[in-house]
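Examination of the molecular architecture
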Amino acid sequence: MFEIFYAKSVAKDIKRVDGNTLHKIKKNIEGLKNFPDISNIKKLSAHPLADFRLRVGEYRILFDVDWNEKIIFILKIGHRKDVY
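In this report, the structure presented in the accompanying data block is examined.

Rules of the game
Residues numbered from 1 in each chain as written. Predicted model: local features only at pLDDT ≥ 70, side-chain atom pairs only at ≥ 80, totals over all residues. Heavy atoms only, no water. Buried < 20%, exposed > 50% of the residue type's maximum accessible area, 1.4 Å probe, protein only. Helix = DSSP H or I, 4+ residues; strand = E, 2+ residues; numbered from the N terminus. Pairing = 2+ DSSP bridges. Core = buried A, V, L, I, M, F, W, Y, C linked by side-chain atoms within 4.5 Å. Salt bridge = Lys/Arg side-chain N within 4 Å of Asp/Glu carboxyl O. Phe/Tyr/Trp six-rings, centres within 6.5 Å; stacked < 30°, edge-to-face > 60°. Lys NZ or Arg CZ within 6 Å of the ring centre and 35° of its normal.

Moving on, we come to the pairing of strand S4 (residues 59–66). Most of S4 sits out of view: 7 of its 8 residues are buried. Here strand S3 (residues 52–56) pairs with S4 via 5 bridges, running antiparallel. By the bridge assignment, Arg-53 is partnered in S4 with Leu-62. As consecutive antiparallel partners, S3 and S4 are separated by 2 residues, and within that stretch Gly-57 has a phi angle of approximately 65°, a positive value. Here S4 pairs with strand S5 (residues 71–79) via 8 bridges, running antiparallel. When the sheet's bridge partners are listed, Asp-64 is paired in S5 with Phe-73. Linking two consecutive strands that pair antiparallel, namely S4 and S5, is a turn of 4 residues; a positive phi of about 60° is found at Lys-70 within it.

Now the structure itself:
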């Protein structure tokens, strides 16, 4: 099982998301504890911020993984038009 840590900037990102979508995002982030055994994840090849993304409807969650420490760092949450 992986531990999940959030970047400080994610608090600002969350304020921009409506309540129903936010509930779905939180549920999917909790599912990341079972990484990599979940769907909707894609490895990003040339993104400057993150190595992976999780798709939740029109929103994307960008994150990095520390395989040695079993830690997932949530770096950015946002609408797909703004994240990339």
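Another point: the nonpolar core. In terms of nonpolar packing, the biggest core is built from 19 residues, with Ile-25, Leu-32, Phe-35, Ile-61, Phe-63, Ile-72 and Ile-74 touching the most fellow members. Secondary-structure elements contributing two or more residues to this core are helix H2 (19–31), S3, S4 and S5. At 4 residues, S4 tops the list of elements feeding residues into this core.

So, about the pattern of salt bridges. Applying the stated criterion across every chain, the model contains 4 salt bridges. A salt bridge links Lys-33 to Glu-30; the nearest nitrogen and oxygen atoms lie 3.0 Å apart. When the shortest N-O distance is used, the salt bridge between Glu-58 and Arg-80 registers 2.8 Å. Here Arg-80 lies in helix H3 (residues 80–83) and Glu-58 lies in the loop between S3 and S4, a separation of 22 residues in the sequence. Under the relative-accessibility criterion, Glu-58 is labelled partly exposed at 40%. Judged by relative accessible area, which is 42%, Arg-80 ranks as partly exposed. Taken together, the shared-partner salt bridges in this structure form one network comprising Asp-13, Arg-16 and Lys-76.

On to the packing of aromatic side chains. Going through the model one piece at a time under the given rule, you end up with 7 aromatic pairs. Between Phe-2 and Phe-35 the ring centres are 5.8 Å apart and the planes differ by 90°, which places this aromatic pair in the edge-to-face class. On the criterion of sequence distance, the pair formed by Phe-2 in the segment before strand S1 (3–6) and Phe-35 in the loop between H2 and strand S2 (41–43) is long-range, its members being 33 residues apart. With a relative accessible area of 5%, Phe-2 lands in the buried category. One Lys or Arg, Lys-43, reaches over the ring of Phe-52 and ends 5.0 Å from the middle of that ring.

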